[in-house]
Amino acid sequence: MFDVEAAKAAVHAIRLLMDENQERLIEVDSALGDGDLGLTMTKAFRTADEQLSDSDESDIGTFLAKAGMIMAKAAPSTMGTLVATGFMRGGKMVKDKTELSASDIASFFRAFSDGIIERGKTKPGNKTIVDVVDPVATALEEAAARGDGVGALVEAAESAASMGEEAARQMMSQHGKAAVYREQTIGKPDPGATAGVLIVRGFFEPVRSMNR
Amino acid sequence: MFDVEAAKAAVHAIRLLMDENQERLIEVDSALGDGDLGLTMTKAFRTADEQLSDSDESDIGTFLAKAGMIMAKAAPSTMGTLVATGFMRGGKMVKDKTELSASDIASFFRAFSDGIIERGKTKPGNKTIVDVVDPVATALEEAAARGDGVGALVEAAESAASMGEEAARQMMSQHGKAAVYREQTIGKPDPGATAGVLIVRGFFEPVRSMNR
Amino acid sequence: MMKKFLNRPEDFVDEMLQGILAAHPDQLKYVADDLRCIVRADAPVSSKVGLATGGGSGHLPLFLGYVGKGMLDGCAVGGVFQSPSSEQMLEVTKAINGGKGVLYIYGNYSGDIINFDMAAEMAELEDISVASYVAGEDVASAPKGEEQKRRGVAGIFYVYKCAGAKADEGADLAEVKRIAEKAGASVRTMGVALSPVIVPEVGKPSFTIGEGEMEIGMGIHGEPGIRRGKLLTADEVVQEMMDKIIPDLPFGKGDEVSVLVNGLGATPREELYVAYRKVAEILGQQGISVFKTYVGEFATSLEMTGFSLSVCKLDAELKALLSKAARTPFFEQVQL
Amino acid sequence: MMKKFLNRPEDFVDEMLQGILAAHPDQLKYVADDLRCIVRADAPVSSKVGLATGGGSGHLPLFLGYVGKGMLDGCAVGGVFQSPSSEQMLEVTKAINGGKGVLYIYGNYSGDIINFDMAAEMAELEDISVASYVAGEDVASAPKGEEQKRRGVAGIFYVYKCAGAKADEGADLAEVKRIAEKAGASVRTMGVALSPVIVPEVGKPSFTIGEGEMEIGMGIHGEPGIRRGKLLTADEVVQEMMDKIIPDLPFGKGDEVSVLVNGLGATPREELYVAYRKVAEILGQQGISVFKTYVGEFATSLEMTGFSLSVCKLDAELKALLSKAARTPFFEQVQL
Ligand SMILES: Nc1ncnc2c1ncn2[C@@H]1O[C@H](COP(=O)(O)OP(=O)(O)O)[C@@H](O)[C@H]1O
Ligand SMILES: Nc1ncnc2c1ncn2[C@@H]1O[C@H](COP(=O)(O)OP(=O)(O)O)[C@@H](O)[C@H]1O
Ligand SMILES: [Mg+2]
Ligand SMILES: [Mg+2]
Ligand SMILES: [Mg+2]
Ligand SMILES: [Mg+2]
């Protein structure tokens, strides 16, 4: 259901979403950090999209890992490197395949989330992108186990992402520049979580449009 | 006619004139320089007055040279050191006397002026204090040669000082901070010349009051 | 209004690096065809642990300014206030590995940590042993008991200096790391700022400090400090800072220390010495003796007005290492 | 609004000196019971010509910062932007006279000249031979042909360095003076400023430079420069300065030079290197090679924003002297 062409379309879709939401990302990151997230996320996905759009890679895992490597180089901010790590670990997990099944996609997101947790020395609950991608991975695992169809799978992922973003808003930042604001961060959106939602939404865009 | 007590009174009189004219000195020095002249001149003469008022020196030349040494230490600005040099050289010229005659006073001012010329590596016409003290020395020499009485002597000195100040106003500054303003200095009073007039006026104050 | 000597703001970092490389060709070079991968001109130095650092630009002499004899071997250079990439760190690592492994020494900022960890993982894949020391000694950035959360600022100078001298002795990676940890654990820092900075690509101040105000404990990227208040006298500011620094380690009677008074960018050296006068008085009163004082700019934040104080406790081992000669483009010291 | 780290403004200079003496007791001391008479800790050095300087405060490292091994023996320190007294100069002269006489090296400012001349006269009365070299190399301060009117600024560093190295060789007073003259005649400087300074006792800026404006050629006390105009790019500013400096000596194809990029106080080191990048490019185009580049703060004006460029033409003699090691509290160099 999800081959390299879909992955290319996914990267492209995330790029468009980041471009569209650049101002909003700058805004939320300015409130808790240095405001660069709008720039680093657009740069990461624009570069990956440009460098991979005519790739002739057929291994979907290798393709996704490569996307991560490109992002690491292009956008070495915290989120740039975390998201890069996510793609690299997720890609490694689904190597030697030309197509991802529903449970492969769940494995990809689990490895994506675990990679960020390891790299960021964090866990769910610390008001980070993890609070979006960890519940997304769980939702996908459950949907795959239930044998959900594509529509239900996507819906499960996206609603987990939105709920995660909302939950993160009520948490207190523990990492990075935001951590110095402590209690003041409660009630404000986490920039990384916001970007995480866009990644999840863009990732499933090709599946969603195939399904229409 | 002019003993150590007169010299003490002269230093005191110059001090009072500098205090009275402090604002004006700051103003004229601000226009052409750094504005410190009001501070350095009051400091120079205040210190000399305080340290010499109960001096038991009887050699008038040594007394005047000492006044110069005190000023050099107290006020090391350009004018502070030049005026100090004037007193030191003038004092040296009239050493081993307890009283100055009219021609001794002329010698004092000639050495005063020459000392400044040598120290400042300058000559009359460069818009400096020299343009006041050099004509004063000449006027005193002429008055002494004519055998003028005290009143005429003082008048000759003071009118030479005022004319010198006025002449300096029309010159172009060649030295120090003012020199960078070149043509713009023409028509403006020279701060050093203004201070020079006060020194001459104060110097003759005891003579003038004796004569009253 | 941005009053800076710049060409295109986006070229600022690379043009600065071109200037540095042009000025010090005998001391520095770049590798991997990337200006931002700076190493010693004679790298790799064989049979010596390689020391690498990295971090955002805008803090000169930090970070690359300490690459040179007796201190570091290489530095990955980021954009202004931004981490370099893990790939750049990897390139530096490869270029300075003299066969005894590489120690990363850098400040406690999450972007840097994440990238250095990633670089370490990649280096291990290339069979280079890597260890890391993350410096953090700013007492204003987290309370005692949460030392691992503290920012690394000017005090990292002592870590570079001591670890660099140790590496020069031919010590192995674990031993050099031990010295880095020991120096890092011996130093405490606190800063104060009077004015913000302008990041060239942003073009306006990222925060403000009111007229007549100061922020005690502010970080070098403008991280909020301990308190904002009206501008105090130099003596009062120093007293407040030393009152936080001394009990934190704690430093005490009989201790021997080195002091670093660090200008943040725009504060005249004259004022740093006015501050040091009070530091020396306070240390003297407490029976703490000063072995060596450094006053100048060691870790800056562009044109920020302010300074930081670092105090480093010395034992015989650290003292000997601190005393060794060093020569980098930004720091030169004869054997003490 | 004055945003400075100060106690009482009138104590600024003395407290700064107390800080400097406290920080560098192994290198500096004061004599004649006067903090403002600073000499090397080991003064007088016997059988060596003594080198003295002096001038107003507010220019660190100028002037006292260059007192130390391989450079100067003593310095008379004035108030902010004001000459020290002849008596202070005399005390320094007496304290550093090692039997071979004393050379005064200072900048071309009338207050300093008058006081140093007076001090020289007093020293001769005490049987100390004194010679003087008055440095002035700022091409913006007077046109070619009127070189004797030029201000001395950062270029005096080369005079101190070369004369200091020569004195260390045991040369006599005339020979050390010859080197001072030669180094001084080989250097040209020009500066640019973006913002004024506040003298502590005055408490407000002594002049202004409009938003978005710069003054090319401004002196370190705010003396008017060659022109005021809108802020140019770094490359444009450097080009304009080098276009004045190069033809003045003139420097030409095949020459070997040293370059000094000097920050005036608040300009970040990053920007100085951006400027140097362009200097190196221009010199390269003209076939002028650079032996050694110095970038940092060598002669400042409190917190003035701006920088100056100095270029010094080297022959074998000056090159050897410049290459000698030196160690002062503000300048340390290993043998090149
Ligand atoms: N240690 C960490 N682990 C996981 N996520 C983190 C960590 N630190 C920060 N984040 C995420 O990164 C986001 C900030 O990213 P970014 O703007 O790139 O940071 P910076 O500008 O500080 O480099 C935060 O909102 C948070 O979601
Ligand atoms: N070389 C010189 N020879 C004689 N007089 C001089 C010389 N230079 C300056 N002056 C006099 O000194 C005055 C300025 O004195 P002052 O304010 O003390 O100077 P500064 O503040 O520059 O030290 C000038 O107005 C001028 O009369
Ligand atoms: Mg950010
Ligand atoms: Mg960032
Ligand atoms: Mg004046
Ligand atoms: Mg003055």
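Up top is the structure these notes are about.
Residues numbered from 1 in each chain as written. Chains lettered and ligands numbered in written order. Predicted model: local features only at pLDDT ≥ 70, side-chain atom pairs only at ≥ 80, totals over all residues. Heavy atoms only, no water.

1. As for the environment of alanine 144 of chain A
Residues and elements named next belong to chain A.
Consideration 1: Counting through the fold element by element, alanine 144 comes out in helix α7 (residues 130-146).
Consideration 2: For alanine 144, a relative accessible area of 22% gives the class partly exposed.
Consideration 3: Expressed as a C-alpha distance, the spacing of alanine 144 and valine 154, which sit 10 residues apart in the sequence, is 11 Å.
Consideration 4: Apart from residues lying up to four places away in sequence, alanine 144 is in contact with Ala102, Ser103 and Leu153. (Helix = DSSP H or I, 4+ residues; strand = E, 2+ residues; numbered from the N terminus. Buried < 20%, exposed > 50% of the residue type's maximum accessible area, 1.4 Å probe, protein only. Contact = heavy atoms within 4.5 Å.)

2. Looking at the sheet that holds strand β9 (residues 227-230) of chain D
Residue and element names in this part refer to chain D.
Consideration 1: Taken in spatial order, the six strands make up an open sheet running β9-β8-β7-β12-β10-β11, and their pairing is mixed. Here the strands that pair on one side only, and so sit at the sheet edges, are β9 and β11 (289-296). Pairs of neighbouring strands in the sheet enclose a mean axial angle of 15°, with direction left out of account.
Consideration 2: As paired elements, strand β10 (residues 256-263) and β11 share seven bridges and run parallel to each other. Its bridge partner being in β11, valine 261 is matched across the sheet by valine 295.
Consideration 3: Packing against the sheet, helix α6 (residues 234-248) makes contact with β7 (187-195), β8 (213-216), β9 and β12 (305-313), and its axis sits at approximately 30° to β12. (Pairing = 2+ DSSP bridges. Axes fitted to C-alpha atoms, helices over the stretch in contact; angles between N-to-C directions.)

3. Concerning the coordination of the magnesium ion (ligand 4)
All names here are of chain A.
Consideration 1: Donor atoms from the polypeptide that bind the magnesium ion (ligand 4) are Asp34 (OD) and Asp36 (OD), placed at 2.0 to 2.2 Å.
Consideration 2: Taken as a pair, the magnesium ion (ligand 4) and the magnesium ion (ligand 3) show a spacing of 3.6 Å, with aspartate 34 coordinating each metal.
Consideration 3: By relative accessible area, aspartate 34 is classed as partly exposed at 35%.
Consideration 4: What makes aspartate 36 buried here is its relative accessible area of 12%. (Donors = N, O, S within 2.8 Å, 3.2 Å for Na, K, Ca; no water.)

4. So, the sheet that holds strand β1 (residues 28-31) of chain D
All names here are of chain D.
Consideration 1: With respect to topology, six strands assemble into an open sheet ordered β1-β2-β4-β3-β5-β6, the strand pairing being mixed. The open sheet has two edge strands with one neighbour each: β1 and β6 (130-135). When the angles between neighbouring strand axes are averaged without regard to direction, this sheet yields 25°.
Consideration 2: Here three bridges tie strand β3 (residues 50-57) to strand β5 (residues 102-107), and the two strands are oriented parallel to one another.

5. Brief notes about the coordination of the magnesium ion (ligand 3)
Consideration 1: Here the magnesium ion (ligand 3) is held by Asp29 of chain A (OD), Asp34 of chain A (OD) and Asp36 of chain A (OD), and the distances to it run 2.1 to 2.2 Å.
Consideration 2: Donor residues binding the magnesium ion (ligand 3) come from one chain and are separated in sequence as D-x4-D-x1-D.

6. Comments concerning the relation of the copies chain C and chain D
The operation linking the two copies of the chain is a rotation about an axis combined with a translation along the axis.
Consideration 1: Once chain C has been moved 0.0 Å along the axis and rotated by 180°, it coincides with chain D to within an RMSD of 0.0 Å. Both copies of the chain, as the preceding transformation shows, are related through a two-fold rotation axis. If distances are taken from each C-alpha of chain C to the rotation axis, the shortest is found for alanine 266 of chain C, at 1.9 Å. (Least-squares fit on C-alpha atoms with pLDDT ≥ 70 in both.)

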